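Each chain is listed here by its residues.
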Amino acid sequence: MNYYEMSLEAMKKILDDAGEGRYSAFIGDCITDWKKKKNTDRLMKGFLKGGLFEGFSFRKSDFDSAEKEFWTVQCFSAMAAMTMQLARFEHSGQDITIEFMRRNFGHPAEVISGSKCSDCGKKELNMEDIDKYITTPVVAKAVVDGLESGRLIENLDEVISEKYDYLKSEREKALARAMNTNIPVSNERGALSVCKNCGGKNIVKCRFLKSLKTNTFVALSR
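This structure is a prediction, so every number in the text was calculated from the model and none was measured.

The rules we used
Numbers given for residues are sequential positions, taken from 1 along each chain in its written order. Where totals are concerned, whole chains, interfaces and linings use all residues; where local detail is concerned, this predicted model gives features only for residues with pLDDT of at least 70, and gives and counts side-chain atom pairs only at 80 or more. Neither water nor hydrogens contribute to the side-chain values; these are computed over all heavy atoms in the structure. Remark: nonpolar core denotes a set of buried residues (Ala, Val, Leu, Ile, Met, Phe, Trp, Tyr, Cys) joined through side-chain atoms within 4.5 Å. Think of it in three bands: with a 1.4 Å probe and only protein chains considered, a residue is buried below 20% of the maximum accessible area for its type, exposed above 50%, and partly exposed in between. Put simply, DSSP marks the helices as runs of H or I at least four residues long and the strands as runs of E at least two long, and each gets a number from the N terminus on. For this analysis, residues touch if any pair of their heavy atoms sits within 4.5 Å. The rule for pairing is simple: two strands pair if DSSP sees at least two bridges between them. One speaks of a salt bridge when a side-chain nitrogen belonging to Lys or Arg is within 4 Å of a carboxyl oxygen belonging to Asp or Glu.

## Topic: the nonpolar core
Next, step 1: Ranked by internal contacts, the top residues of the largest apolar core, which has 61 residues, are Ile27, Trp71 and Val143.
Next, step 2: Here this core takes 12 residues from helix H4 (residues 66-92), the largest share from any one element.
Next, step 3: Residues within four places of tryptophan 71 in sequence aside, it is in contact with Asp131, Ile134, Thr135, Val138, Val139, Val159, Ile160, Glu162, Leu167 and Arg171.

## Structural notes on the pairing of strand E1 (residues 111-117)
Both faces of the sheet carry side chains from a regular strand, because those side chains alternate between them.
Next, step 1: Judged by how many residues are buried, E1 sits mostly within the fold: five of seven residues are covered.
Next, step 2: Pairing between E1 and strand E4 (residues 203-210): seven bridges, direction antiparallel. Paired with lysine 116 across the strands is valine 204, a residue of E4.
Next, step 3: Sheet topology note: the E1/strand E2 (residues 123-126) ladder contains two bridges and is antiparallel. Note that in E2 the partner of serine 115 across the bridge is glutamate 124.
Next, step 4: Once E1 ends, the chain turns through five residues before running back antiparallel as E2, passing glycine 121 with a positive phi of about 85°.

## Structural notes on the pattern of salt bridges
Next, step 1: For the structure shown, the criterion picks out 22 salt bridges.
Next, step 2: For the salt bridge of arginine 59 with aspartate 62, the shortest nitrogen-to-oxygen distance reads 3.1 Å.
Next, step 3: Accessibility expressed as a relative area gives 42% for arginine 59, which makes it partly exposed.
Next, step 4: Where lysine 141 meets aspartate 145, a salt bridge forms, and the shortest distance between an N and an O atom there is 2.8 Å. On the criterion of helical spacing, the pair formed by lysine 141 and aspartate 145 is a turn pair, its members being four residues apart in helix H6 (residues 127-149).
Next, step 5: Exposure remark for lysine 141: the relative accessible area of 32% places this residue in the partly exposed category.
Next, step 6: A relative accessible area of 16% places aspartate 145 in the buried class.

So this is what it looks like as structure tokens:
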């Protein structure tokens, strides 16, 4: 099985698990096209403007937790981008190597977003902020390592269920960096609405830059 076919199979599995039968069937047809004719046109059209996947989003009711919804969306988005790139390469007859994917698919984030109370100035991160910060390197590693080893579906399943070792280690590193910066991290997910310090409701976004010299974040605004 080549990388393109493996990627299609992984996309279909994610859609099946979320109960998205119509979209899963479409990817199933893309798999058939590839196996019978080595053709990628259906997939490429499906993700263009006016295609089946234009405006596609998962339903919140498909998931039993906000974490599972988050990681499903992140994994599917990454697989859609990867599979479309592979389709273009297959269409043009170009080879794509694991080394190429490792160099070009997914770069670590340098900035993490959090919340700030405009009344008292208190800044805070939550677990969704942490997960957004680590998403790109975690999913990129799961995908590229999975394509190389033939464990793509298994890797993505582990990410979605939060059992992937690299996800755990990246979370721990991000949490340690926040702790070293004295930024509190709540277990909540979603936008902060009320300041835990003063009770104010004037909450705005703030950003922190990853320091290259120390294991800390640096506030990008006062």
